[in-house]
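Per-entry structural report
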Amino acid sequence: MPRFFTVDQANALLPALTRLLDHLIQVRDNLVARRPDVNAALKKSAENGGNRPASLAVEEFEQFQSIVLELKGLGVLLKDIDMGLVDFPSRRDGREVYLCWRKGEPRVAFWHDMDSGYAGRRPL
């Protein structure tokens, strides 16, 4: 059963969400930057039992997954890593909607219907 957020509850999570998103983006960027090394390392690992670049990649993948699970555990929905876009399940006028926040915005100030997405954002 989803957790439903009030605007105040969503706003209270923003410092933690900002920290988690910053960390997630850093880990993702490290993985992307390491990609050529990892591909070579994985080919070699089949021959020699592994190496440091492959081990680092595994650790970073685990970090990435851990952060995503932490976000999920908070009850929010990560919609876009690059945009830092997060939705909070909520209720408005008796129906389920999403409160919508983008990293860098000072507060949760938008909402949208469950099927309209970011393009359908409307001010609270």
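These remarks concern the structure in this document. (Residues numbered from 1 in each chain as written. Predicted model: local features only at pLDDT ≥ 70, side-chain atom pairs only at ≥ 80, totals over all residues. Heavy atoms only, no water.)

What about the packing of aromatic side chains?
- Applying the stated criterion across every chain yields a total of one aromatic pair.
- Measuring from centroid to centroid gives 5.2 Å for Phe-5 and Phe-88, while their planes differ by 80 degrees, and the two rings are edge-to-face. Taken together, the residues Phe-5 in the segment before α1 (7-48) and Phe-88 in strand β2 (residues 85-92) connect sequence positions 83 residues apart. In this pair, the class of Phe-5 matches that of Phe-88, namely buried.
- The ring of Phe-4 is capped by Arg-91, whose NZ or CZ atom sits 3.8 Å from the centre of that ring.
- In this structure, Arg-121 packs its charged tip against the face of Phe-110, placed 3.9 Å from the ring centre. (Phe/Tyr/Trp six-rings, centres within 6.5 Å; stacked < 30°, edge-to-face > 60°. Helix = DSSP H or I, 4+ residues; strand = E, 2+ residues; numbered from the N terminus. Buried < 20%, exposed > 50% of the residue type's maximum accessible area, 1.4 Å probe, protein only. Lys NZ or Arg CZ within 6 Å of the ring centre and 35° of its normal.)

Focus on the side chain of Arg-28
- Locating Arg-28 in the fold gives a position in helix α1.
- Within the local environment of Arg-28, its side chain forms a polar contact with the side chain of Asp-82, the two groups lying 2.6 Å apart.
- Apart from the residues within four sequence positions on either side, Arg-28 is in contact with Phe-64, Ile-81 and Asp-82. (Polar contact = N/O pair within 3.5 Å; in protein donor to acceptor, adjacent residues only side chain to side chain. Contact = heavy atoms within 4.5 Å.)

Observations regarding the sheet that holds strand β5 (residues 122-123)
- Spatially, the five strands line up as an open sheet ordered β1-β2-β3-β4-β5, and their pairing is antiparallel. Every other strand in the sheet has two partners, leaving β1 (77-80) and β5 as the edge strands with one partner each.
- Bridge count for strand β3 (residues 95-102) against strand β4 (residues 110-113) is four bridges, and the pairing is antiparallel. By the bridge assignment for β4, Tyr-98 is matched with His-112. (Pairing = 2+ DSSP bridges.)

With respect to the environment of Arg-122
- Relative to the helices and strands, Arg-122 is located in strand β5.
- Excluding anything up to four places from it in sequence, Arg-122 contacts Ala-109, Phe-110, Trp-111 and Asp-113.

Observations regarding unusual backbone geometry
- For Asp-93, which is not glycine, the phi torsion reads 50 degrees and is therefore positive.
- Tracing the backbone shows Asp-93 in the loop between β2 and β3.

Observations concerning the nonpolar core
- Judged by nonpolar contacts, the single largest core of 22 residues is most densely connected at Leu-17, Leu-71, Val-76, Phe-88 and Trp-101.
- Of all the secondary structure elements, the ones that give two or more residues to this core are α1, α2 (52-74), β2 and β3.
- Among the elements that take part in this core, α1 stands out by supplying 10 residues, more than any other.
- Other than its neighbours up to four places away in sequence, Phe-88 contacts Phe-5, Ala-10, Leu-13, Leu-14, Leu-17, Val-76, Val-97, Tyr-98, Leu-99, Trp-101 and Val-108. (Core = buried A, V, L, I, M, F, W, Y, C linked by side-chain atoms within 4.5 Å.)

Worth remembering: the numbers are spatial, not functional.
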